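The chain contents come next:
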Amino acid sequence: MDSAILGCSGICVRFGGVQALADIHFEAMRDEITAIIGPNGAGKTTLLNAISGMVTPSHGTLTFEGHGITALPAHERAWSGMVRTFQNLEIFSNMTVLENVAMGCHGRLSLPAWHSLLRTPKSRRLEDEVRREALEALDFVGMSDLASATAKDLAFGKQRLLELARALAARPKLLLLDEPAAGLNIAETQVLADLIMRIRDTYNLSVILVEHDMELVMRISDSILVLCFGQTISRGTPAQVQKDPKVIAAYLGGDED
Ligand SMILES: Nc1ncnc2c1ncn2[C@@H]1O[C@H](COP(=O)(O)OP(=O)(O)OP(=O)(O)O)[C@@H](O)[C@H]1O
């Protein structure tokens, strides 16, 4: 079996006059945490969008588990096992925490609508299964006691965990996280770092994350891709990337710490 779960080859994305990504080549390995970092406007979110199918590259190819996915729409990539979370939370604020997480199961566990309308035994069994799996995902992120709370009443840090639980409930093979630590305090970020590593180890899944929090990135990543102005300027382990003069120059020249 190919050890790369995702492959990007020669990916280019242009928005009008802006070359957001230029000839990006990289692979994310199975069961590893791969981080995409770089200064503001480097093209990190655009690359995540190209991987998840929300942006169409003008050139290049993408493979997932060895199969070409360049032409697949976003929902088919999700069905094939690629699930993402968003920088701006995408939760259903008036639904309960449990209902939000259950939404993550629905792509996998569903029946034709008439089963639900007629409340067939099969539909009741399925409802039980969805509930059990949603509770399991909530328990994993340490939020089972909040199952019946309304999502909008949760503190921001808990809403981020809720989004993660919903992504887990979809049983992804590849989890794409867009700035999962944005808006979290130091303690919450540490909990999140431990959780992402535990997710990788427990569920045997691969993670690609875009993140600005360098402490988190250096602590949990197996491999890092560094972008600057849409180009790859470095790739390697955290130790390799940290001492790469091109990376140091990009960050010192930018407006981040
Ligand atoms: N929909 C769009 N239309 C036009 N330009 C865009 C669009 N999305 C991104 N860009 C531009 O593409 C470049 C890369 O943006 P992108 O959001 O991918 O960077 P980023 O590294 O994720 O930045 P940040 O860290 O600030 O989120 C930027 O110059 C941005 O202004």
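All of these numbers come straight from a predicted model, not from anything done at the bench.

Peer 1: What's the story with the overall build of the protein in this structure? I'm lost.
Peer 2: Helix and strand counts for the protein come out as 10 helices and 10 strands. The buried share of the protein, reckoned over its 257 residues, is 49%. The contacts in the protein between residues at least 6 apart in sequence include a share of 69% that link residues at least 24 apart. Surface accessibility of the protein: about 12400 Å² in total, with carbon and sulfur atoms responsible for 54%.

Peer 1: Help me out: how do you make sense of the site of the ligand in this one?
Peer 2: Close to the ligand lie 13 residues; G41, K44, T45, T46 and H212 are nearest. Here an oxygen atom of the ligand sits 2.9 Å away from a polar atom, N or O, in the main chain of G41. Within the backbone of G43, a nitrogen or oxygen atom sits 2.9 Å from an oxygen atom of the ligand. In the complex, the protein chains occlude 60% of the 630 Å² of accessible area that the ligand would expose alone. Taken together, the elements giving at least two residues each to the shell around the ligand come down to strand 2 (18-29) and helix 1 (44-52). Here the shell around the ligand gets 3 residues from one element, more than from any other, and that element is helix 1. Classifying every residue of the shell around the ligand by side-chain character gives 5 nonpolar, 6 polar and 2 charged.

Peer 1: Looking at this structure, how should I read the packing of helix 6 (residues 156-169) against helix 7 (residues 186-203)?
Peer 2: Two numbers describe a pair of packed helices, the interaxial angle and the distance between the axes. Axis separation between helix 6 and helix 7 bottoms out at 11 Å; the angle between their running directions is 10°. For the element pair helix 6 / helix 7, the angle class is roughly parallel. Residues G157, L161, L164 and L168 of helix 6 lie in contact with helix 7, whose contacting residues are E188, L192, L195, I199 and Y203. Looking at the contact of helix 6 with helix 7 residue by residue, the classes come out as 7 nonpolar, 1 polar and 1 charged.

Peer 1: Looking at this model, I keep getting lost on the sheet that holds strand 3 (residues 33-37). Mind explaining?
Peer 2: Two orientations exist for strands paired in a sheet by backbone hydrogen bonds: parallel and antiparallel. Here 6 strands make up an open sheet; going across it, the order is 6-7-8-3-9-10 and the pairing mixed. The open sheet is flanked by strand 6 (82-85) and strand 10 (231-236), the only strands paired with a single partner. Shown here is a sheet whose adjacent strand axes are inclined to one another by a mean of 15°, direction ignored. Inspection of the sheet shows strand 9 (residues 223-228) paired to strand 10 by 5 bridges, in the antiparallel sense. Looking at strand 10, one finds that L227 is bridged to T232. Together, strand 3, strand 6, strand 7 (174-178), strand 8 (206-210) and strand 9 form the strand contacts of helix 1, whose direction differs from that of strand 7 by roughly 150°. The strands that helix 7 touches are strand 3, strand 7 and strand 8; relative to strand 3, the one it contacts most, it runs at about 140°.

Scoring rules and cut-offs
Residues numbered from 1 in each chain as written. Predicted model: local features only at pLDDT ≥ 70, side-chain atom pairs only at ≥ 80, totals over all residues. Heavy atoms only, no water. Helix = DSSP H or I, 4+ residues; strand = E, 2+ residues; numbered from the N terminus. Buried < 20%, exposed > 50% of the residue type's maximum accessible area, 1.4 Å probe, protein only. Contact = heavy atoms within 4.5 Å. Areas by Shrake-Rupley, 256 points an atom, 1.4 Å probe, with all protein chains shown as cover. Near = heavy atom within 4 Å. Polar contact = N/O pair within 3.5 Å; in protein donor to acceptor, adjacent residues only side chain to side chain. Nonpolar A, V, L, I, M, F, W, Y, C, P; charged D, E, K, R; others polar. Axes fitted to C-alpha atoms, helices over the stretch in contact; angles between N-to-C directions. Parallel < 35°, antiparallel > 145°, perpendicular 65-115°, else oblique. Pairing = 2+ DSSP bridges.

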